[in-house]
Structure formats: C-alpha cells, structure tokens
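# An overview of the molecular structure
Given next are the chains, with one letter for each unit.
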Amino acid sequence: MEAIAENVPLLLQGIAYTVALTLLGYVLALIVGTALAVCRVSPIPPLRWAATVYVEIFRNIPLLSLLILIAFGLPDVGLRLPYFWCGVLGLTLSSAAFVCENVRSGINTVPVGHAEAARSIGLGFFGTLRFVVLPQAFRTMIQPLVNVFIGTVIGSALCSAIAVSEITWVTQTLNIQYAQAVLMFLVAGAVYLGMSLGGSALGGVIERAVSPDAPTGRSRGRSALDVTAGAQA
Amino acid sequence: MSDSSTSTGAHRAEQPAPGAPETSGAAGAPGVGHAARGPAARGSRSGNAPKQIGEPLISARGVDKFFGDFQALKNIDLDVRRGEVVALIGASGSGKSTLCRCLNRLETISGGEITIDGQLLPEEGKELTKLRSDVGMVFQSFNLFPHLKAIDNVTLGPRKVRGLSKADADQQATELLERVGLADKANSLPTALSGGQQQRVAIARALAMKPKALLFDEPTSALDPEVINEVLDVMTELAEQGMTMLVVTHEMGFARHVCDRVVYLDQGEIVEQGDPEEFFTNPRSERAQAFLSKILAH
C-alpha cells in the first residue's frame, strides 16, 4: 500500500489526465459526430459520401494504431502537437465515428411522416432536423451514446502508449518501480469502473428527464418488453 | 337548416372571417355535420347564383409519376380554383394520395408541371419551403410532433418559419384550437389525445401557416368511426369559410355534400370529374359506375 501512499499526487494527476482526455475527447466527438450524422442524412450526395468514408475509416482503425499514427505521423508532416492533445485528437476522431452512427440510427427511428409534416409547414432541412427530428431522436440515442462514452473512457487508457501521463501510464510506471502489478492495475481498474458507472448513471438520469412521460409521470407502469408474455407455464 | 345553408353557400365566395354569423349558424350548431347536410341543402346551394370560384390556384399539367417501372400517375391535368373544394376519390392504389403528395412536392414528379398560384413548383431550396408553407397538408396518420404539446405543434411553424413572437403565435394557436374545439387540450401531449383530437390539432397546425390551400390526404382513414364526424365537421366548416381544399377521401358523403367537384382516379388516370351530385347519381364512365356500385352496395 505504500506504493499508493507515497504517490498520491502522481496518482491524482493521472486521474485528472484521464478525466480530461475522456471529457475533451467525448464532448468534441459529440460535436463532430453529430455534424457528420447531419452530413450522412443530408440531401447533398458528396457530403453523404464524405461522412460515410470518414466513418468507415475511423471506426475500423484500432485506436492504438490511430494514436501512434497521430503522435508520430503528424510531426513528419510538420505538425507538432503535445502528446496530450494527440490523445484528445485520436479519441475524438475515433469516437466521432461511433457517435455519428448512433445519431444517424436515432434519426432513422423517427417516422418519416413527422419529417414530412415538418416540411409541409415550411421548415427546411435544418429546421426539420433541429425542431422535429433530433429532439425525438435524442431520446433513443442516450443509451447508445453512453456506450460511446464508456468506449472513450476505456480508450483513453491507450494514450499511455504515447506517453500521456494518465492513470494507466502512472500505474504502469509505479508497477515498474514497486513491482505490485495487481494492486496498481486494481487502482487503474477502479478509476475506469467509477467513471463508466458515473457516465451511465448520468445517462439514466437524462433518459428519465427527457422521457415523454416524465412531466406527468403517466404510464409509469410501462415495463420492459416481456418476451415470455403469453407463454404457457 | 336549409335556410342557413343557403346563405352559407352564397357567403362562401366572399371568404368571410371565421365566426361570421351565417357561418357559425350553420356549422357551429351542434349535430350539424356533413351527414345532416342532405341533398336538399346541396341542391339549394347550387340552385343559387353560382359560387364565385376564382382562378386556378393549383394547376397540374401533364403530370407523370413513376415509381421504378410502375407508372403511378398518367398525364394528369387538374385545376383547383380559389375557393373550390375538390374531392379526389378512387380505389386504393389509384394514385390519389400520390397526386396529393406531388402537389406540395413531398413526391417529385417524373414529367409535366405543377404551378401553385401561377408559380412553377420549385426544385429543392428556400423557394420550395416558402411555397410549401403556403399549401397546408393534413395527413392520414396525423403526424403530430409527439415531443411537443398541442399548442406547440401549432405554433412551431408560425414561430420558426414566419418569425412570429411566442406571445403572438400562442394567441393565434389558442384561437385556432378553439376553432377546432380543442381549447382545453392546448397543453396536452399528442399521446394523451384521441385520434380525432389529434387530427383536429393537425388541421389547426396547418391553418396556423395561413395557407392559400389545404391538401387532405385521407384525413379520416385512420380514425375510429365514431370520431370521423368531428373531423369532417371541422373540414365542412373550413369549406364553408371559403378555404381552397383538395381532399383525398373515402368518405363519399363528404365528397357528395360538401365538395364542389369530384375527381375520380383509376390506375393513375383521371377517368371522370364533375359535379358531385351528377357524378354519384349518374356516372358516365363504366369504370366510375363499377367503382360506385362496389362502394355504394351497402
């Protein structure tokens, strides 16, 4: 335990970096991914193609490869970023591809008739998305977006490979010093577990808040789909 | 009854303000639905000086529509004149809904041209959205926005497209909801409304844009029989107030007694059109005779 006690500031700094990487990467991914999803459903074919190519590239490259390409490839073309920002960039690029697909499938859950009704009262493409489609789609997207958040939390561990001193890098370093692998990686694991659980709890709160039944509490009894309903005992 | 209908008929051409005495006398009276408006009422109206129906507002010329190899519309020529109420009838798959949707370009046409108020229906873009906002549409499946309260469904277009302030839009919406008999449901979400109520909110939503014409795409086909009349009553009242309407419908009573003209479509073609009474009592084409004998058998 002295390995922990003697290195509290270092561990805290590792946690801070992990949180920063995750939040920056995820928030930027939400913005970029939503913009990509709008491109993917837009009426302009080149935009749709560009977004599709982006998604197929960035969700199919392992994050580790992507991070290394960014950290060691960008300097070759004359762009030198601090490693921390390389990590944020890699997480953003990768998570944005997943956000895009989640937003797009959320958009597809909204009946086309609602979009037609919006167009028939004179709303254009963006107005239809902004006021009619996305507010409805958002409800169905929350849990999938929690998944992307957890993916971003876990993915941030890979930033240790490009020497960002986040919690995995810190515990790895301390393990080399103290030879207490189990203890050290339990600490790292607890940090990731805490962040992921926190994220999904927040997702649950948001989901309940925007549920159509929320203001009145109507049909609270609506339970999950019971697949055994009607089966013979 | 027949008195008030007569005056309403004469009144229609002048497009009175909502709630003009004659109008409310006829349509506002409880129980005076389209069904109660018998042939006598209709007869007395057409017996009067002819309704002053204006120049063509919606014009289709030689419109073709293909879905792949299937030709849904064949060389359609159709005019809907200002103040006119036209029923579009025909069997399922005859192309009547497709035609209705083409008129505000929810479907693109494959050939021919459509003009609204003398203006060629534009391709995509701002021009088109502007034009769409002038032609209201009411759908079979209501298509209310489920995340918005009834009143917000009605105010969305006026606020975001017309740029009205929230207060002005709310006031207008309250009046419209009152007009369709749903003032007390302004703050209900669509899921808390019956089908008939939802459709009436949808009509109020379309009216909120102050459209030049309204398209109805089978507005009562998804409704339970007992609530169909509440929607038809609202539509009848609109017709009497001079709204230009194209109504795709299976409600033959409405087509016969409220509409000024019936257009019969079969297999994507206009087979016959004319005065409703004439069409229903004495159809000229064999296809229309066969169609009517099927639906009027019961």
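Time to look at the overall build of chain B. The number of helices and strands found in chain B is twelve helices and ten strands. Burial analysis of chain B (298 residues in total) assigns 54% to the buried set. Restricting to contacts in chain B with at least 6 residues of sequence separation, those with at least 24 account for 68%. Accessible surface computed for chain B: about 12300 Å², of which carbon and sulfur atoms make up 49%.

When helices and strands are counted, chain A shows nine helices and zero strands. Reading the helices (α) and strands (β) of chain A from amino to carboxyl end gives α-α-α-α-α-α-α-α-α. Over its C-alpha atoms, taken along the principal directions, chain A stretches across nearly 65 × 55 × 35 Å. Relative to its 233 residues, chain A shows a buried fraction of 41%. Long-range pairs, those at least 24 residues apart, make up 76% of the contacts in chain A with a sequence separation of at least 6. With the model as given, the accessible surface of chain A reaches about 12100 Å², and the carbon-plus-sulfur share is 69%.

Residues and elements named next belong to chain A. Within the structure shown, the criterion is met by zero disulfides over all chains. The structure places no disulfide on Cys-159, whose sulfur is separated from the nearest cysteine sulfur, that of Cys-86, by 9.3 Å. Residue class for Cys-159 comes out buried when judged on its relative accessible area of 0%.

Here we take up the pattern of salt bridges. Using the criterion set out here, one finds 23 salt bridges over all chains in the structure. In this structure, A:Glu101 and A:Arg59 form a salt bridge, with 4.0 Å as the shortest nitrogen-oxygen distance. Linking A:Glu101 in helix H5 (residues 83-108) with A:Arg59 in the loop between helix H3 (45-58) and helix H4 (63-73), this pair joins segments that are 42 residues apart in sequence. On the accessibility criterion, A:Glu101 (15% relative accessible area) is buried. The partner of B:Asp170 in a salt bridge is B:Lys166, with the nearest N and O atoms 2.9 Å apart. Of the two residues, B:Asp170 and B:Lys166 both sit in helix H7 (residues 166-179), four residues apart, roughly one turn of that helix. Taken together, the salt bridges that share partners define one network made up of B:Glu55, B:Arg82, B:Asp117, B:Lys130, B:Asp134, B:Arg162 and B:Lys212.

So, on to the sheet that holds strand E1 (residues 56-67) of chain B. Backbone-to-backbone hydrogen bonds pair the strands of a sheet. The strands run either parallel or antiparallel. All names here are of chain B. Taking strand neighbours across the sheet as the criterion, the four strands line up as E2-E1-E4-E5 in an open arrangement whose pairing is antiparallel. The sheet is open, and its two borders are formed by strand E2 (70-81) and strand E5 (119-120), each paired with just one other strand. Judged from the five bridges that link them, E1 and strand E4 (residues 111-116) form a sheet pairing that is antiparallel. Opposite Asp-64, over in E4, you have Gly-111 as the bridge partner.

By size, the foremost hydrophobic cluster in this structure holds 50 residues, and its most contacted members are A:Leu21 and A:Tyr54. Among the elements of the structure, helix H2 (8-40), H3, H4, H5, helix H7 (125-155), helix H8 (167-178) and helix H9 (181-210) of chain A are those that each provide at least two residues to this core. A total of ten residues in this core trace back to one element, the largest contributor, which is H5(A). Formed by 49 residues, the second largest nonpolar core is a distinct cluster that contains B:Ala87, B:Ile151, B:Ala208 and B:Ala288.

It is common to give the size of an interface as the accessible area that goes away when the parts come together. Across the contact, 18 residues belong to chain A and 23 residues belong to chain B. Of the roughly 1800 Å² buried where chain A meets chain B, counting both sides, 64% is carbon and sulfur surface. When residues of chain A are sorted by the area they lose upon contact with chain B, A:Arg119, A:Ser120 and A:Ile121 head the list and together hold 33% of the total. Inspection of the region where chain A meets chain B yields one salt bridge. For A:Glu116, the salt bridge goes to B:Arg101, with nearest N and O atoms at 2.7 Å. Our count for the chain A to chain B interface comes out at three residue pairs in polar contact (both at pLDDT 80 or more). Here the side of chain A that touches chain B takes seven residues from helix H6 (residues 112-120) of chain A, the largest share from any one element. Tallied by class, residues from the side of chain A that touches chain B come to eight nonpolar, six polar and four charged.

Moving on: the pairing of strand E7 (residues 213-217) of chain B. Successive side chains on a regular strand alternate, one facing one side of the sheet and the next facing the other. Residue and element names in this part refer to chain B. Of all five residues in E7, five are buried; the element is thus mostly enclosed. Burial of the side chains of E7 extends over both faces: Ala-213, Leu-215 and Asp-217 are buried on one face and Leu-214 and Phe-216 on the other. One ladder, built from four bridges, connects strand E6 (residues 135-138) with E7; its direction is parallel. Residue pairing in the sheet places Val-138 in a bridge with Phe-216 of E7. Judged from the five bridges that link them, E7 and strand E8 (residues 244-248) form a sheet pairing that is parallel. Paired with Leu-215 across the two strands is Leu-246, which belongs to E8. Between the parallel elements E7 and E8, the chain passes through helix H9 (residues 225-240) in a crossover that is right-handed.

Residues and elements named next belong to chain B. Even without being glycine, Asn-75 reaches a positive phi, approximately 50°. Mapped onto the fold, Asn-75 is located in strand E2. Unlike most non-glycine residues, Lys-210 shows phi in positive territory, near 50°. Structurally, Lys-210 can be placed in the loop between helix H8 (195-207) and E7. With relative accessibility at 60%, the residue Lys-210 sits in the exposed group.

Turning to its location among the elements, A:Thr18 is positioned in helix H2. Once you skip the residues sitting within four places of it in the chain, A:Thr18 turns out to touch A:Ser156, A:Glu166, A:Ile167, A:Tyr192 and A:Met195.

Here is what the cut-offs are and how they apply
- Residues numbered from 1 in each chain as written.
- Chains lettered and ligands numbered in written order.
- Predicted model: local features only at pLDDT ≥ 70, side-chain atom pairs only at ≥ 80, totals over all residues.
- Heavy atoms only, no water.
- Helix = DSSP H or I, 4+ residues; strand = E, 2+ residues; numbered from the N terminus.
- Buried < 20%, exposed > 50% of the residue type's maximum accessible area, 1.4 Å probe, protein only.
- Contact = heavy atoms within 4.5 Å.
- Areas by Shrake-Rupley, 256 points an atom, 1.4 Å probe, with all protein chains shown as cover.
- Disulfide = S-S within 2.5 Å.
- Salt bridge = Lys/Arg side-chain N within 4 Å of Asp/Glu carboxyl O.
- Pairing = 2+ DSSP bridges.
- Core = buried A, V, L, I, M, F, W, Y, C linked by side-chain atoms within 4.5 Å.
- Buried area = accessible area lost by both parts, 1.4 Å probe.
- Polar contact = N/O pair within 3.5 Å; in protein donor to acceptor, adjacent residues only side chain to side chain.
- Nonpolar A, V, L, I, M, F, W, Y, C, P; charged D, E, K, R; others polar.
- Right-handed = clockwise from strand over helix to strand, strands pointing away.

Fair warning: the whole summary comes from geometry, so function is off the table for now.
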